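Letter by letter, the chains look like this.
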Protein chains: 2
Amino acid sequence: MFQINTNYQKLPGSYLFSTIAKKVNAYSAANPDKKIIRLGIGDVTQPIAPAIIEALHKAVDEMGHAETFHGYAPDLGYDFLRKAIAQNDYRDRGCDISEDEIFVSDGAKSDSANIQELFAADSKIAVCDPVYPVYVDSNVMAGRTGTYDPKTEIWSDVIYMPCTADNHFVPEFPKETPDLIYLCLPNNPTGTTLTKDKLQEWVDYANRVGAVIIYDGAYEAYISEENVAHSVYECDGAKTCAIELKSFSKNAGFTGVRLGYAVVPKELKCGGVSLRDMWARRHGTKFNGAPYIVQRAGEAVYSPEGKAQLKEQVAYYMKNAAAIKEGLKDAGYTVFGGVNAPYIWLKTPEGMTSWDFFDYLLEQANVVGTPGSGFGPSGEGYFRLTAFGTYENTLAALERIKKL
Amino acid sequence: MFQINTNYQKLPGSYLFSTIAKKVNAYSAANPDKKIIRLGIGDVTQPIAPAIIEALHKAVDEMGHAETFHGYAPDLGYDFLRKAIAQNDYRDRGCDISEDEIFVSDGAKSDSANIQELFAADSKIAVCDPVYPVYVDSNVMAGRTGTYDPKTEIWSDVIYMPCTADNHFVPEFPKETPDLIYLCLPNNPTGTTLTKDKLQEWVDYANRVGAVIIYDGAYEAYISEENVAHSVYECDGAKTCAIELKSFSKNAGFTGVRLGYAVVPKELKCGGVSLRDMWARRHGTKFNGAPYIVQRAGEAVYSPEGKAQLKEQVAYYMKNAAAIKEGLKDAGYTVFGGVNAPYIWLKTPEGMTSWDFFDYLLEQANVVGTPGSGFGPSGEGYFRLTAFGTYENTLAALERIKKL
């Protein structure tokens, strides 16, 4: 009789955002007259920018004619997109990354879940706490995390690096040496980030102890401060210790279009084995490329028109972030983030757990946020609001929260 | 110091189609004046059908306006597509499959590589030989295949089921009991298939020994004979032992559009654990849905116009298949397949290995095919040609082969 991968049974409950969706749907079904405002899941609301829509239409037309039809894409992505990425996201910023170190994918969620496959089964992972659930859950499925204590919500074999107001959301080097360090900067869910100097210390640490940093830069477009790195490769030595994951979801509104990429530098090796070559092999074996039309859309992100339109889109969301931050402060809340990221991280009112506050906000204000404890034990007592709503809805949500 | 997943190093050489691409590129660079005809990789050449192009344009327009913009898709696929699949591919054929057993993905290659994750690390896999390389390679990466003998090209822990002219390409029940049985029907690479009665025997066998059949139905649209099942669920008892993978690549030309789906029936369980729920959890954690515009394109595949246009497209390729089969026979070759599948499987001329014949055909006729041995040891002495070229190129390739 066949047997299953029993690691799946270790996963507590369901994926955070599925749980939220179920709760909201149930409330909505019971209260059909209530207008719910969703500032929970980090999904964008602004339409795809005109320059990108134009590129999509053009690519669709190409697919409709034999002379310009495109079948299977190159395993690792089309050259036109890999070149645009290497030039705009790296070389223009002084980072020496070449197109053959860039791997186009269907999004950073897939990449961040799949990247662990390159590493030994007994690799020790370190995560910030709170953290994007995919990093831990994908390692649970691979059997790397030990046993789960439902009381503390802690996995026995995961190294947690608490990030709370107490340490200004700056993770400290762990006592135990990790093999893999997941860093999401600017951070989801806290909306905070590290200075470039602090990031350099992490790169130096990783090189010193022989760890790999999985650097999730999905929110890079929201960086507004000068002393924050736009890529981990701005740090000296990052090419021997870091893999960078990037998304088109948040800078270009591609949550429903699906496009991302990973950078695996040639210098990143274990013994003589190149991780770049391993990732290329994985792409070739387990993936068949992002759609041609979507890769053309990605290319348009880097056109002069695309860049100008997306700058406006990011500014639109950051106006929301500022409004939330100020509005919540006025209402007496303690708030973090929102300066280099589209997330606001707030302390729940005295005595309320994160899920208490979730229910309270849903039922009393019909506003959906994300409970901090869903991101890890140190998220307890915090709550995440996103700036990805419309400006009107964001203001309306704030009015409702202020009236509570 | 971090360690890698050393299973990757066990993989011999590179992925088959990458190797072919490299050889062809090298020949092409050295002989820029030669016009190469590619009948190797199973990539389509006909443009996307008009009804689908229209659906794509419409969906792109929706993405450009706030009122009709779509962000993250539902984890498991949009209802409109899952319903169209359940109705057209299953219920209309008398198979009792519901939409919540259907999981939309970015293609059958990803699904067929990822599905093994649901099973125990020591699961024993059985594959037809020759076989689509992804089934074995994805299990190599997961450490299930033992050691590789480069001389015999055999993995110590894989159960091989030879399919050659000697047994009319019908796999026999293996001596050792497998946990997972990969069946691709109609078959890639041999272009042959099983009768429905024979498939029923396999379903009965799987239920009897407690194995799961991973049923790859990517080429279902090419079935022309009455006594061949279009879905494994046409067989009694398949819902307790089979997962079906389907692709839009070959029936609708989506190789560069990327769309597929998996069916995991609710009745498929290990002890009390539902594999459907496990796959749902995997989708929720490691995948973020296929693009909205692509799912709308998938829906158009099932519209009356879409169906009519795709019937013509399949007929076009099957005309190629018939031409190749007849042409090769006339030229004295022994050929198989091509009746229920877009692949022709031929015996290489006396004394030539599959790769010898690959080089011979590339250099003497400038025609690219796929060496049978690339699909497994029992593929040695065979060679695959695809019917996915244009009709003109197909005839031209045949003329060149006849002149050899």
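The following refers to the structure shown. Please read all numbers here as calculations on a predicted model, not as lab measurements. (Residues numbered from 1 in each chain as written. Chains lettered and ligands numbered in written order. Predicted model: local features only at pLDDT ≥ 70, side-chain atom pairs only at ≥ 80, totals over all residues.)

Next up on the list: the relation of the copies chain B and chain A. For the match of chain B to chain A, the screw axis carries a shift of 0.0 Å, the RMSD comes to 0.0 Å, and the turn is 180°. Given the turn and translation reported, the copies of this chain are related as if by a two-fold rotation axis. Every residue of chain B has its C-alpha some distance from the rotation axis, and the shortest such distance is that of H57 of chain B, at 3.1 Å. Interface overlap between copies: 100% of the residues of chain B at the interface are likewise at the interface in chain A, consistent with a symmetric, same-surface contact. (Least-squares fit on C-alpha atoms with pLDDT ≥ 70 in both. Contact = placed C-beta atoms within 7 Å.)

With that settled, consider the sheet that holds strand β13 (residues 335-337) of chain A. All names here are of chain A. Across the sheet, four strands lie side by side as β13-β14-β17-β16; this open sheet has antiparallel pairing. The open sheet has two edge strands with one neighbour each: β13 and β16 (370-371). For β13 and strand β14 (residues 343-347), the ladder comprises three bridges, and the chain directions are antiparallel. Along β14, the bridge assignment pairs V335 with L346. (Pairing = 2+ DSSP bridges. Helix = DSSP H or I, 4+ residues; strand = E, 2+ residues; numbered from the N terminus.)

Take helix α12 (residues 354-365) of chain A next. All names here are of chain A. With 12 residues, α12 extends 16 Å between its outermost C-alpha atoms, agreeing within 8% with the 16 Å of an ideal straight helix rising 1.5 Å per residue. When we look at burial in α12, the residues that qualify are S354, F357, F358, L361, L362 and A365. Down the axis, α12 shows its buried residues gathered within 130° of arc, on one side only. Along α12, exposed side chains directed more than 90 degrees from the buried face belong to E363 and Q364. Buried-residue contacts for α12 involve α2 (16-30), β15 (367-368), β16, β17 (382-386) and α13 (391-403). Remark: N366 follows α12 within two positions and exhibits a positive phi of approximately 55°. (Expected span 1.5 Å × (residues − 1). Buried ≥ 20, exposed ≤ 12 C-beta atoms within 10 Å, placed from the backbone. Arc of directions from axis to C-beta.)

One frequent convention defines the size of an interface as the accessible area lost when the parts assemble. On the side of chain A, 68 residues touch chain B, which itself brings 68 residues to the contact. Residue assignment for the side of chain B that touches chain A shows that the elements contributing at least two residues are α1 (7-10), α3 (50-63), α5 (108-114), α6 (133-141), α8 (275-286) and α9 (292-301) of chain B. Tallying contributions element by element places α3 of chain B first for the side of chain B that touches chain A, with six residues.

Among the nonpolar cores identified, the biggest contains 259 residues, and V127, I213 and I243 of chain A together with V127, I213 and I243 of chain B are the most heavily contacted of them. Looking at this core, the element that brings in the most residues is α3 of chain B, giving seven residues. (Core = buried A, V, L, I, M, F, W, Y, C linked by C-beta atoms within 7 Å.)

Looking now at the pairing of strand β2 (residues 102-105) of chain A. Residue and element names in this part refer to chain A. Of the two faces of β2, both are covered, the one formed by I102 and V104 as well as the one formed by F103 and S105. Pairing analysis gives four bridges linking β2 to strand β10 (residues 260-263), with the strands arranged antiparallel. Residue pairing for β10: V104 is matched across the bridge by Y261.

Residues and elements named next belong to chain A. One open sheet holds the seven strands; their spatial order is β2-β10-β9-β8-β7-β3-β6, and the pairing between them is mixed. Every other strand in the sheet has two partners, leaving β2 and β6 (159-162) as the edge strands with one partner each. The average undirected angle you get between the axes of adjacent strands in this sheet is 20°. Sheet strands touched by helix α4 (residues 79-90): β2, β9 (242-247) and β10. Its angle to β2, the strand with the most contacts, is close to 120°. (Axes fitted to C-alpha atoms, helices over the stretch in contact; angles between N-to-C directions.)

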